There are 2 protein chains.
Amino acid sequence: MISASLEDYLEFIHNTILEKKEIKAIDISKAFSISRPSVSEALIRLADMDLIIYEGRKGIKITKKGIEQAKKTVKKHQILSDFFVEILMIDKQTAEKNACKIEHVIDDEIIEKMKKYKESKLKNNEQS
Amino acid sequence: MISASLEDYLEFIHNTILEKKEIKAIDISKAFSISRPSVSEALIRLADMDLIIYEGRKGIKITKKGIEQAKKTVKKHQILSDFFVEILMIDKQTAEKNACKIEHVIDDEIIEKMKKYKESKLKNNEQS
DNA sequence: ATAAAAAGTAAGGAGTGCCTAACAATGATA
DNA sequence: TATCATTGTTAGGCACTCCTTACTTTTTAT
């Protein structure tokens, strides 16, 4: 199983590649305020798990497996954050912060129920 | 800040003392399937944080600070589990399992909103 | 009372995830 | 082109949380 930290880094790698087509180790270092050696280490671990292809200075590529893993996390994050904001009326910032932590530990089953709950709730509001 | 593991152990210590008036290191070892040396270590760390008083074979006592900390965790656990079961219709076992993990990372603010949401929902159901 | 079982401790090891300091490679610029 | 800044790696260290093995202490049962 992937750790919360590595999952965060993978999520960031995925999002950044989608946005800017490429990512460097230093970007991760800055984004998470961790040292460059710690990033190197994390990237090696992600590569060991076949979630990325890491060729040092030649760049970071995300694998199919990595994309799937990252997408799952992003989805969980999105649903959690939306649920907190729209159903529980939590402010955006707190919702995001908590989604970031909970996304690593919550089961898919609960995420699915949250999604359905939110959808049915919004439908009811349209009708009324 | 206390770690998830230590928080789990403290919660268990508190609950067990409430139930049976006393607890021994071996009980924690069995409950969490960790070795006796790991329990010793954890108890020393909890004692260092003034959450318990640990006098080796003489027993484990929980401090005022420890009780407060444990109660907070228990409360979070309860609200999370209830919310999952009653609002999201999650089965009891899954709800418990997830509450155990989320209770360590979620903010009080969201817990409070979950509690209020559940209460107002139940009130509405009574009226109808 | 003594031997066996149970509970706890000490010592040493491993993986994770972070750090700093120092070095190497790459790239930009004067 | 030579120098300086940026980026990345190596080496060594630390804290946490778990482990095993071996030892000690306490309790229990014969």
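To be clear, the structure that these remarks concern was listed above.
Here's what I pulled together on the structure shown here. Owing to the predicted nature of the structure, the values given are computational and were not obtained by experimental measurement.

Taken together, 21 residues are adjacent to DNA strand D, and A:Ile26, A:Arg36, A:Ser40, B:Ser3 and B:Ser38 come closest. The contact in question runs from a phosphate oxygen of DNA strand D to an N or O atom on the backbone of B:Ser35, over 2.9 Å. The contact in question runs from a base nitrogen of DNA strand D to an N or O atom on the side chain of B:Glu41, over 3.1 Å. Here the residues of the surface near DNA strand D are counted per class, giving seven nonpolar, seven polar and seven charged.

Residues and elements named next belong to chain A. Counted as a void, the largest pocket has a volume near 340 Å³. Lining the largest pocket are 15 residues, and of these Lys 24, Ala 25, Tyr 54, Gly 56 and Arg 57 lie nearest its centre. Broken down by secondary-structure element, the contributors of at least two residues to the lining of the largest pocket are helix H2 (25–32), helix H3 (36–48) and strand E2 (60–62). Residue composition of the lining of the largest pocket, grouped by class: five nonpolar, three polar and seven charged.

Another point: the packing of helix H1 (residues 4–20) of chain A against H3(A). Residues and elements named next belong to chain A. Between H1 and H3, the least distance of the axes is 10 Å, while the angle of their chain directions is 85°. The orientation of H1 with respect to H3, classified from their angle, is roughly perpendicular. Contacts between H1 and H3 pair Leu 6, Tyr 9, Leu 10 and Ile 13 from the former with Ala 42, Leu 43, Arg 45 and Leu 46 from the latter. For the contact of H1 with H3, the class distribution of residues is seven nonpolar, no polar and one charged.

Right, let's talk about the relation of the copies chain B and chain A for a bit. Note on the chain copies: they are related by a rotation about an axis and a translation along it. Mapping chain B onto chain A is achieved by rotating through 180° and translating by 0.0 Å along the same axis, at an RMSD of 0.0 Å. Interpreted geometrically, this transformation is the action of a two-fold axis. Among all C-alpha atoms of chain B, that of B:Ile102 lies closest to the rotation axis, at 3.1 Å. Both copies present the same face, since 100% of the interface residues in chain B are matched by interface residues at the equivalent positions in chain A.

For the rest of this paragraph, the subject is the pattern of salt bridges. Applying the stated criterion across every chain yields a total of 14 salt bridges over all chains. Between A:Lys97 and B:Asp107 there is a salt bridge whose closest N-O contact spans 2.8 Å. On the criterion of chain membership, the pair formed by A:Lys97 in helix H5 (residues 92–102) and B:Asp107 in the loop between helix H5 (92–102) and helix H6 (108–127) is interchain, its members lying in two chains. We note a salt bridge from B:Lys75 to B:Glu112, for which the minimum N-O separation is 3.0 Å. Placement of the pair is B:Lys75 in helix H4 (residues 64–87) and B:Glu112 in helix H6, with a sequence separation of 37 residues. With relative accessibility at 27%, the residue B:Glu112 sits in the partly exposed group. Salt bridges sharing common partners tie together A:Lys97, A:Lys101 and B:Asp107.

Taken together, 21 residues are adjacent to DNA strand C, and A:Ser3, A:Tyr9, A:Arg45, B:Arg36 and B:Ser40 come closest. For DNA strand C, the fraction of atoms within 4 Å of the protein that belong to sugar or phosphate moieties is 50%. In the model, a base nitrogen of DNA strand C is placed 2.3 Å from a nitrogen or oxygen of the B:Arg36 side chain. Secondary structure elements with two or more residues in the surface near DNA strand C: H1 and H3 of chain A together with helix H2 (25–32) and helix H3 (36–48) of chain B. In terms of residue count, H3(A) provides more of the surface near DNA strand C than any other element does, four residues in total. Among the residues forming the surface near DNA strand C, the class breakdown is eight nonpolar, seven polar and six charged.

All names here are of chain A. Its location among the elements puts Ala 99 in helix H5. For Ala 99 and Lys 76, which are 23 residues apart along the polypeptide, the C-alpha to C-alpha distance reads 8.0 Å. Other than its neighbours up to four places away in sequence, Ala 99 contacts His 77, Leu 80, Ser 81 and Phe 84.

Looking at where B:Asn98 falls in the secondary structure, it is placed in helix H5. B:Asn98 sits in the buried class, given a relative accessible area of 0%. Of the polar contacts made by the side chain of B:Asn98, one reaches the backbone nitrogen of A:Asp107; its length is 2.8 Å. In this view, B:Asn98 contacts A:Val105, A:Ile106, A:Asp107, A:Ile110 and B:Phe84; residues no more than four positions away in its chain are not counted.

The next point concerns the interface of chain B and chain A. Taken together, the contacts link 21 residues of chain B with 21 residues of chain A. Here chain B packs against chain A, burying approximately 1,900 Å² in sum over the two surfaces, 61% of which is carbon and sulfur. Along the contact surface separating chain B from chain A lie four salt bridges. Of the charged contacts, one joins B:Lys101 and A:Asp107 as a salt bridge, the two residues approaching to 3.6 Å between their closest N and O atoms. Linking chain B with chain A are 11 residue pairs in polar contact (both at pLDDT 80 or more).

Cut-offs and rules
Residues numbered from 1 in each chain as written. Chains lettered and ligands numbered in written order. Predicted model: local features only at pLDDT ≥ 70, side-chain atom pairs only at ≥ 80, totals over all residues. Heavy atoms only, no water. Near = heavy atom within 4 Å. Polar contact = N/O pair within 3.5 Å; in protein donor to acceptor, adjacent residues only side chain to side chain. Nonpolar A, V, L, I, M, F, W, Y, C, P; charged D, E, K, R; others polar. 1 Å grid on protein atoms, 1.4 Å probe; cavity = no way out; pocket = protein on both sides within 12 Å on 5 of 7 lines; lining within 4 Å. Points joined across faces, edges and corners; volume = space filled by probe spheres on them. Helix = DSSP H or I, 4+ residues; strand = E, 2+ residues; numbered from the N terminus. Axes fitted to C-alpha atoms, helices over the stretch in contact; angles between N-to-C directions. Parallel < 35°, antiparallel > 145°, perpendicular 65-115°, else oblique. Contact = heavy atoms within 4.5 Å. Least-squares fit on C-alpha atoms with pLDDT ≥ 70 in both. Salt bridge = Lys/Arg side-chain N within 4 Å of Asp/Glu carboxyl O. Buried < 20%, exposed > 50% of the residue type's maximum accessible area, 1.4 Å probe, protein only. Buried area = accessible area lost by both parts, 1.4 Å probe.

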